[in-house]
Amino acid sequence: MLIVFGSINMDYGVRVEKFPQAGQTLLSPSYDIGAGGKGANQSLACARMGVKTALVGMVGDDAMGTKILNNLRRNEVMTSGVGVSDDVPTGMAFVLTNHVGENQIVVCSGANALTSAAQVPDEILKDGNVVLMQMEVPLAENLAVMERARAHGAKVVLNLAPAYQISQKALEHVDYLIVNESEAQAIAALVGIGASQDYMVLARVLAAKSGHACIITLGAKGAIAFEADGKGWRVPALEIKEVVDTTGAGDCFCGTFAAAIHAKFALGTALRKASVAAGLSCTKKGAQESFPYLADIEAALEDFPQAIPC
Ligand code: RIB
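None of these values were measured; they are calculated from a predicted model.

What counts, and at which threshold
- Residue numbering note: each chain is counted from 1, following its sequence as written.
- In view of the model being predicted, local features appear only for residues whose pLDDT reaches at least 70, and side-chain atom pairs are presented and counted only at 80 or more, with totals across whole chains, interfaces and linings using the full set of residues.
- To obtain the side-chain values, all non-hydrogen atoms of the structure were included, while hydrogens and water were left out.
- Here a helix means four or more residues in a row that DSSP labels H or I, a strand means two or more in a row labelled E, and each is numbered from the N terminus.
- Restricting the calculation to C-alpha atoms gives the radius of gyration, and the globule rule supplies 2.2 Å times the number of residues raised to the power 0.38.
- With a 1.4 Å probe rolled over the protein chains alone, any residue whose accessible area is under 20% of its type maximum counts as buried; one over 50% counts as exposed, and the rest are partly exposed.
- Note on areas: Shrake-Rupley, 1.4 Å probe, and residue coverage restricted to the protein chains presented here.
- Under the counting rule used here, the positive set is Lys and Arg, the negative set is Asp and Glu, and His together with the chain ends is not counted.
- Charge coordinates come from a single atom per side chain, which is NZ of Lys, CZ of Arg, CG of Asp or CD of Glu.
- Strand pairing requires that DSSP identify at least two bridges connecting the strands.
- Any two residues whose heavy atoms approach within 4.5 Å are treated as being in contact.
- Angles shown run from 0 to 180 degrees and are taken between the N-to-C directions of axes, each axis being a line fitted to C-alpha atoms and, for helices, limited to the stretch in contact.
- Only a single heavy atom is needed: when it lies within 4 Å of a molecule or strand, its residue is near that molecule or strand.
- Under this definition, polar contacts are N or O atom pairs within 3.5 Å; protein pairs additionally need one hydrogen-donor-capable and one acceptor-capable atom, and for neighbouring residues in sequence, both atoms have to be side-chain atoms.

Asks: Outline the overall build of the chain, supporting the account with residue identities and numerical values.
Replies: Secondary structure assignment for the chain yields 9 helices and 14 strands. Computed over the C-alpha atoms, the radius of gyration of the chain is 18 Å, within 12% of the 19 Å expected from 2.2 N^0.38 for a compact globule of 310 residues. Each principal axis of the C-alpha atoms in the chain carries an extent, and together these give about 50 × 45 × 40 Å. Buried positions account for 53% of the 310 residues belonging to the chain. Carbon and sulfur atoms make up 54% of the accessible area of the chain, which totals about 13,400 Å². For the chain, the distance from the average site of its 24 positive side-chain charges to the average site of its 31 negative ones is 4 Å.

Asks: Which residues make up the sheet that holds strand S11 (residues 213-217), and what values go with them?
Replies: Sheets are built from strands that pair by backbone hydrogen bonding, the pairs being arranged parallel or antiparallel. Strand order in the open sheet formed by 10 strands is S5-S4-S1-S8-S9-S10-S11-S12-S13-S14, with mixed pairing between adjacent strands. One side of each edge strand has no neighbouring strand; the edge strands of this open sheet are strand S5 (77-85) and strand S14 (308-309). Taken together, the 4 bridges between strand S8 (residues 130-133) and strand S9 (residues 155-159) define a ladder with parallel strand orientation. Each bridged residue has a counterpart across the sheet, and for Met-133 the counterpart in S9 is Leu-158. Contacting strand S1 (2-5), strand S4 (53-60), S5, S8 and S9, helix H1 (residues 38-48) runs over the sheet at an angle of about 155° to S4.

Asks: Explain the site of the ligand to me, and be specific about the residues and the numbers.
Replies: Among the 13 residues in the neighbourhood of the ligand, the closest are listed as Asp-11, Gly-37, Lys-38, Glu-136 and Asp-251. Between the ligand and Asn-9 there is a distance of 3.0 Å, counted from an oxygen atom to a side-chain nitrogen or oxygen. Between Asp-251 and the ligand, the recorded distance is 2.7 Å, taken from a side-chain N or O atom to an oxygen atom. Isolated, the ligand exposes 280 Å² of accessible area, and the fraction of that covered by the protein chains is 96%. Mapped onto the shell around the ligand, the elements with two or more residues apiece are strand S2 (9-15), H1 and strand S7 (103-108).

Asks: Break down the pairing of S4 for me, citing the residues and quoting the values.
Replies: By the criterion of burial, S4 is predominantly enclosed, with 8 of the 8 residues buried. Burial along S4 is two-sided: the face carrying Thr-53, Leu-55, Gly-57 and Val-59 and the face carrying Ala-54, Val-56, Met-58 and Gly-60 are both buried. By the bridge criterion, 4 bridges tie S1 to S4 in an arrangement that is parallel. Along S4, the bridge assignment pairs Val-4 with Leu-55. Note that S4 and S5 share 7 bridges and pair parallel. By the bridge assignment, Gly-60 is partnered in S5 with Ser-85.

Shown next as structure tokens:
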């Protein structure tokens, strides 16, 4: 089983030509409302890969929470581990997307701030299971789940998004660290590596220093992955005609990657599958609603290059 411990939001998406500057007001003709939250998004991407997936998180006792959970259940995500707060509303995210599909996001945590490690029973942290986490729930709760997962045998995949101050000691509980370019820079400084634009070097050193695999997503430049022993792979980004919206692409990558690791695929193969899924998600609007099905991923993989050792 794959356990996703993380945030659940309702996303309010607004399209703008350019992002506003301080003090500027912009008009946008419409907005979209869709299910989001890095945890919920990643759980849906895992389930789309056909892996038994349970989401653990918190929503408020409101229409948004109900709508998001219903959508997850329709997509085969188990939600019995999601708690409902009587007092605090479901998390919300305001997502601005510009004309080239880039986004800026503000998350209002709401009930996500109440997410607790106590919601995860020890029995599901056993060997053979995988726990996938991000950084939109309280750090202390993430750390507690990581430590218990390590003690009980489950593998830990940490998507350090948004970038956060996490100690080197905490990283010792992680088996796979997934970051984008800016998050890689932040974590590099944290573990005492100088900032570098050479992401190959960064991923290799990060993996060696922390003793776990390090995966860096590079947007249009593809993705790279290094084992602690220095073995690495790179893949290009999937070629797509038009980038419509990159919201949730990182989550689609992480969920697909974790599902592939759960299914015991090798690191290079997991990297390839995740990159293809993330690429496909950029061809549609929104987060969860843009995620591809397994059949779409498999079809796109047929023409996608093999991971190159580096
Ligand atoms: O990664 C994209 C997600 O970040 C959005 O769905 C939003 O809810 C925020 O959590």
